[in-house]
Amino acid sequence: MEKREGEGEGEEEQVVNPWTVSAKGGGKIDYDKLIDQFGCQRIDQSLVDRIHRLTSRSPHVFLRRGVFFAHRDLNEILDAYERGEKFYLYTGRGPSSEALHLGHLIPFMFTKYLQEAFKVPLVIQLTDDEKCMWKNLTVEESQRLARENAKDIIACGFDVTRTFIFSDFDYVGGAFYKNMVKVGKCVTYNKVVGIFGFTGEDHIGKVSFPPVQAVPSFPSSFPHLFGGQDNLRCLIPCAIDQDPYFRMTRDVAPRIGYQKPALIESSFFPAMQGETGKMSASDPNSAIYVTDSAKEIKNKINRYAFSGGQDSIEKHRELGANLEVDIPFKYLSFFLDDDAKLEEIRKEYGAGRMLTGEVKQLLIQVLTGLVERHVGLGLL
Ligand code: TYM
């Protein structure tokens, strides 16, 4: 199965799984439909307020603006937290490119906020084995990319006393492997085909991979971190493309005597060229990378960020920008912290009083600052 990121699929239904994200007819992803299809819950205002209350800090911008929009059992995690029980966070990255792009940063930035707000441990899995198999990389190249990506992840600034980053090639074994075998025994070939769409042409490496991503959801996979705390709950922040792995995990967990992991899931940060899905690692101009220079960020935004502005200034003043398709505005809605400023742009740009060039200029400032701070933290 090839991952087609950000591509439309003609008239076919939308497809969202770990390898393919494509909207129906090249349009936008229908997230409401996805919630129904996957059987997760929407994050509503009362849940955001509850997190605000429990953590005594303002909810992260990704929560306030509905970037993280779906969950599974988040209320149960918060009930337990309220009773004084801790949990741990689990997230990950499949190292398929030299550097992370801004989309990849989203779950990591959000995880950092959750770790700080709840003061909980975190495990980060680097699935170098997954990318070796799916992207046809050598073992050595996948390991090298995992090390490179680990630097970008560390630069997010997690609490070093509470964070464990591991690569599968280095860590799988012992208690972790025992859990993989327990999971594997509960999932039939038919089941895995149903969840992931494997075909007879896929090699058995792929078919046998899902337990590797499943078992960090169980504290007993990390005896050196959580020895004796086998009931510790797990919360997984990720984009919704990873949901199939954890549907499988949640199905198996009670059958092997473990708690189901809870999830908090985000929508996709769109490609520069428009909002049809995820960004493509094979097209460097479709995304901004954390290693891009200020000049590259400026050029990419000016040249490639799809504008919802009108063709001529006169028409723009008359009709205003179409914010539904405008990428500079969409990017600002992820990364501009200031709610009042964003609202002002929505009004002014939407009414045609502000021009695309001005919005792009602000976006360049915001993203250059973000990437510079990221690089700065990485050098500490
Ligand atoms: P990967 O490397 O494809 O993506 C890393 C994380 O980034 C999310 N993501 C995005 N989020 C918002 N907008 C985007 N455009 C975007 N593109 C990717 C992914 O959902 C993921 O959270 N198999 C996994 C690695 C993994 C993992 C995990 C991820 C292992 N264990 C546990 C999350 C939780 C992968 O290849 O992710």
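Residues numbered from 1 in each chain as written. Predicted model: local features only at pLDDT ≥ 70, side-chain atom pairs only at ≥ 80, totals over all residues.

Looking at an unreviewed UniProt entry, one finds the chain named Tryptophan--tRNA ligase, cytoplasmic, with Prunus yedoensis var. nudiflora as its source organism. The record held by UniProt for the chain lists under Catalytic activity (unreviewed entry) the comment "tRNA(Trp) + L-tryptophan + ATP = L-tryptophyl-tRNA(Trp) + AMP + diphosphate + H(+)". What UniProt records for the chain under Sequence similarities (unreviewed entry) is the sentence "Belongs to the class-I aminoacyl-tRNA synthetase family." (UniProt positions renumbered as here; feature names shortened; annotations may be inferred.)

Caption draft 1: Fine view of the overall build of the chain. If you tally the helices and strands in the chain, you get 19 helices and 9 strands. Taking 2.2 N^0.38 as the reference for a compact globule, 380 residues should give roughly 21 Å; the C-alpha atoms of the chain span a radius of gyration of 21 Å, in line with that estimate. Each principal axis of the C-alpha atoms in the chain carries an extent, and together these give about 65 × 50 × 40 Å. Here the chain holds 380 residues, and the buried ones make up 43% of them. Considering only contacts within the chain whose residues lie at least 6 apart along the sequence, 74% involve residues at least 24 apart. (Helix = DSSP H or I, 4+ residues; strand = E, 2+ residues; numbered from the N terminus. Rg over C-alpha atoms; globule rule 2.2 N^0.38 Å. Buried ≥ 20, exposed ≤ 12 C-beta atoms within 10 Å, placed from the backbone. Contact = placed C-beta atoms within 7 Å.)

Caption draft 2: The sheet that holds strand E8 (residues 233-239), seen in detail. Sheet architecture is open: 7 strands sit in the order E3-E4-E9-E8-E5-E6-E7, paired in mixed fashion. Bordering the open sheet on either side are strand E3 (41-42) and strand E7 (163-167), each of which pairs with just one other strand. As paired elements, strand E5 (residues 87-93) and strand E6 (residues 122-126) share 5 bridges and run parallel to each other. Residue pairing for E6: Leu89 is matched across the bridge by Leu122. Strands in contact with helix H4 (residues 74-82) are strand E4 (68-72), E5, E8 and strand E9 (262-266); relative to E9, the strand with the most contacts, it is inclined by about 125°. (Pairing = 2+ DSSP bridges. Axes fitted to C-alpha atoms, helices over the stretch in contact; angles between N-to-C directions.)

Caption draft 3: Structural detail: the domain arrangement of the chain. One can read the domain layout of the chain as domain 1 (28-266) and domain 2 (292-379). Of note, the centres of domain 1 and domain 2, computed from C-alpha atoms alone, are 31 Å apart. If you look at the interface, domain 1 gives 7 residues, while domain 2 gives 6 residues. In the side of domain 1 that touches domain 2, the residues fall into 4 nonpolar, 1 polar and 2 charged. (Domains from an automatic or database assignment. Nonpolar A, V, L, I, M, F, W, Y, C, P; charged D, E, K, R; others polar.)

Caption draft 4: Summary view of the packing of helix H17 (residues 327-335) against helix H18 (residues 339-350). Following both chains from N to C, one finds H17 and H18 inclined at 165°, their axes separated by 10 Å at the closest point. When the axes of H17 and H18 are compared, the pair comes out roughly antiparallel. Here H17 runs over H18; the crossing is left-handed. In this structure, H17 contributes Phe329, Leu332 and Ser333 to the contact, and H18 contributes Leu342, Ile345 and Tyr349. A class-by-class count of the residues in the contact of H17 with H18 yields 5 nonpolar, 1 polar and no charged. (Parallel < 35°, antiparallel > 145°, perpendicular 65-115°, else oblique. Left-handed = near helix turned anticlockwise from the far one by under 90°.)

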